[in-house]
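# Coordinate inspection notes
Spelled out, the chains give:
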Amino acid sequence: MDIKKLLSEMTLAEKLGQLTQLNAVFFNAENDADITGPAAKLHIGEDDISLTGSVLNFTSAALMKKTQDAAMARQPHHIPLLFMQDVIHGFRTVYPIPLAMGCSFDETLVEDCARMAAKEAAVSGVHVTFSPMMDLARDARWGRVMESPGEDPTLNGRVGAAFVRGYQGDGTDPYDIPACVKHFAAYGAPEAGRDYAPVELSEHTLREYYLPAYRACVDAGVKMIMPAFNTIGGVPCTANRHLLDTILRREWGFKGVVISDYHAHHEMVKHGVAENDKEAVALAVNAGCDIEMMSTATYRFAKELLDEGRITMEQIDAATLRVLELKNQLGLFENPYRVASEKEEKRLHLCPEHRALARRAAEESAVLLKNDGVLPFSKALRKVAVIGPFAKEQGIKGNWAGNGRDEDCVTVLAGVRTLLPDAEVATTRGCSWELGETKVPDLEEAVELASEADAVVLCLGEYQHHSGEGNSRATLTLSPAQMTLARAVLDANKNTAVVLFNGRPLVIPELSAIAPAILDMWQPGTEGGNAAARLLFGDANPCGKLSMSFPYHEGQCPIYYSHLHTGRPVANPKEITQTGYCSRYMDVPVDPLYVFGHGLSYNTYTYDNLTLSADVIHPGEELEVAVTVKNEGKRYGKETVQLYIRDKVASVARPVKELKDFVKLELEAGESAAVIFTITEEDLRFHTVSGAFDSEAGEFEVMVGKSSDELLAATFRLEK
Ligand code: BGC
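Residues numbered from 1 in each chain as written. Predicted model: local features only at pLDDT ≥ 70, side-chain atom pairs only at ≥ 80, totals over all residues. Heavy atoms only, no water.

### Regarding the confidence of the model for the chain
Chain-level statistics for the chain give a pLDDT mean of 96 and a share of 98% at 70 or above. Note that pLDDT drops below 50 for residues 31-36; the model gives that stretch 10 contacts with residues more than four away or on any other chain. (pLDDT = per-residue confidence, 0-100. Contact = heavy atoms within 4.5 Å.)

This is how it looks when you write it as structure tokens:
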């Protein structure tokens, strides 16, 4: 399609239609749109809908095709609609939440899962996904940490790029779906962890820590980007010219489409930076926002703004062209359905291959937080009790689960019963998962089952809709009821493993002290129960490593391993420091309960012989950092070897350590392997006191190990 020619033939209203995205509810081809209800409230008339260029949240091939036909018939140039949806961690087959996927430290796995999601979504008519989310997640009170790979810029960037590769492929396969990186920028740092709250950070912090993961996705070729809801320094991201124009378009060379978040134009009125919707459009267009999601202010007010000379026709044309270009790249002008097909939906959704991948992802992203030796349980056990509010709960797929359904999910109880067909597996819920619950109606039964069992699987945690958008929490503890249940069950049977379900790090110091083993499954998706059972009974070996720290207490949030040192660091951040004018809490340690990078296995891996190929490097040279890792255990396993760097003295204070590289090794029992990382001067660059992105000569510490806390260390110098 010659889209420039098409553009030249389009009316202004048609162009503005392409810059508008509405929810599926307005396109219900079956009842011909509900214009009197929500549409009227949003000032949306039938004409607006007939010219609208894209739509979000459609869910099936059949409906998509019908809607596409109707839309193309009404659109004067028969321009096809673009269908978008939040395909965040799977479509019908759901794999673990992105925070869990971060814990896999496995880019190939992430890419494979994203590919699977793209295929399932594409056959249901989805053209673009609103994923990946690259907001650095350092405050577990914020409910949306579940959508982020975690707290580290390097890990997030690598996971983000893998998501983009998986969704988008090389753009030639009909199952490829463009990705939309979000929420640009720093949405993960809202004040006090409260969703949508203002973000305050310096240009240095923004550029050094918060922007790199979005940048990694742009470098991976992501086709779309979504500005965040929040303000930074009082400026809503939708109106932030510095972000959307200076940094994104000019510095990073982004050529794709910018789409606002849901209703974000109107929210600028609520923020108090625009007097009305018309002013909001002027701000958004001049900042560089192309599509307006879920409101029609651009459609309604752009003409007046053009007449007043406050926005230009060049801006409208350039934005429209970007949208048409995306449609053209997708081949929609030739085939407006792409691969949408009911037959393909039946073939692909929840197919055995996809379920197997989802199960493997759940196994590889689970983190064994603690194990005093009770795990793995023997498969020869005769009597097992599966207890707790998540024992037979199917709501474990996680929030933002696309078209995933609870009824497709395998519970822990079902997983254990399948794995141990000859064992007697008893169960009781104990109590509900409601926040703040105090009553434990099945306490007696739970204690009885626990005391009679050879082993107990105690399933506790946070319900799937207690994290995600709008679900910030000020307390991150388990409810009093869950803790009463835990104490009683652990008292009744010491051969108990706790299995946690959660969309964020929780505050569990007491549980951690009294439970002999804790396996964190996060929100594991469709195959969660099978994965949990295989991990608990040793058919799979845990290998996930935390991508986000578990605080001792909510008062520590935000908490992350790569903090600055301060001028008065405590001598021992792992203990409560009793006295002194130092950077401490009087009631909890400074360090988290479980650190970034932590995660146990049924094997022990030893690290030895950290050696550097040189003591000094210069720009253009490579420094090899070698270490030997040995599997001292009796099983095959995977171990994520992590490399951190500390710049000892610089023109600005640098983090105590920063992850620079990692590799996930596969090791047979008794096997050892040499791992060699390469460091160059480019890896040592940062935003210096002058604002330049550069390295500074001096001494660096390089650390390699199994977590951000258990590391071998050596030093080298950079000379320039
Ligand atoms: C969320 C976005 C999402 C959009 C569309 C918004 O509320 O912030 O992450 O992509 O809705 O569903």
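### With respect to the side chain of Arg207
Tracing the sequence through the fold places Arg207 in helix H9 (residues 203-210). At a separation of 2.8 Å, a polar atom in the side chain of Arg207 contacts the side chain of Glu203. The residues contacting Arg207, other than those within four sequence positions of it, are Pro212, His242, Ile247, Glu251 and His687. (Helix = DSSP H or I, 4+ residues; strand = E, 2+ residues; numbered from the N terminus. Polar contact = N/O pair within 3.5 Å; in protein donor to acceptor, adjacent residues only side chain to side chain.)

### Some remarks on the sheet that holds strand S9 (residues 257-258)
Overall, parallel pairing links the 3 strands, which are arranged S5-S6-S9 in an open sheet. Both edges of this open sheet fall to strand S5 (180-184) and S9, since each of them pairs with a single strand only. In this structure, S5 lies alongside strand S6 (residues 224-227), joined through 4 bridges in parallel fashion. Paired with Phe184 across the two strands is Pro227, which belongs to S6. (Pairing = 2+ DSSP bridges.)

### Here's the deal with the pattern of salt bridges
According to the stated counting rule, one finds 47 salt bridges in the structure shown. Between Asp406 and Lys397 there is a salt bridge whose closest N-O contact spans 2.7 Å. Looking at Lys397, the relative accessible area reads 8%, which means it is buried. Here Glu681 ties to Arg685 by a salt bridge, and the two come within 2.8 Å at their closest N and O atoms. For Arg685, a relative accessible area of 27% gives the class partly exposed. Among the charged side chains, a salt-bridge network with shared partners connects Lys278, Glu279, Glu304, Glu308 and Arg310. (Salt bridge = Lys/Arg side-chain N within 4 Å of Asp/Glu carboxyl O. Buried < 20%, exposed > 50% of the residue type's maximum accessible area, 1.4 Å probe, protein only.)

### Quick word on the layout of surface pockets
In this structure, the largest pocket encloses a volume near 950 Å³. Taken together, 30 residues form the lining of the largest pocket, with Thr154, Pro212, Lys660, Arg685 and Phe693 sitting closest to its centre. Listing elements by their share of the lining of the largest pocket, those giving two or more residues are helix H8 (153-168), H9, helix H10 (212-219), strand S21 (658-667) and strand S22 (672-680). Residues belonging to the lining of the largest pocket are distributed by class as follows: 11 nonpolar, 6 polar and 13 charged. Shared between two domains, the lining of the largest pocket holds at least three residues of each, these being domain 1 (3-344) and domain 2 (605-718). In this structure, the second largest pocket spans a volume of roughly 810 Å³. Along its surface, the second largest pocket is lined by 29 residues, and His563, Leu564, Val590, Asp591 and Val656 are the ones closest to its centre. The residue makeup of the lining of the second largest pocket, split by class, is 14 nonpolar, 8 polar and 7 charged. (1 Å grid on protein atoms, 1.4 Å probe; cavity = no way out; pocket = protein on both sides within 12 Å on 5 of 7 lines; lining within 4 Å. Points joined across faces, edges and corners; volume = space filled by probe spheres on them. Nonpolar A, V, L, I, M, F, W, Y, C, P; charged D, E, K, R; others polar. Domains from an automatic or database assignment.)

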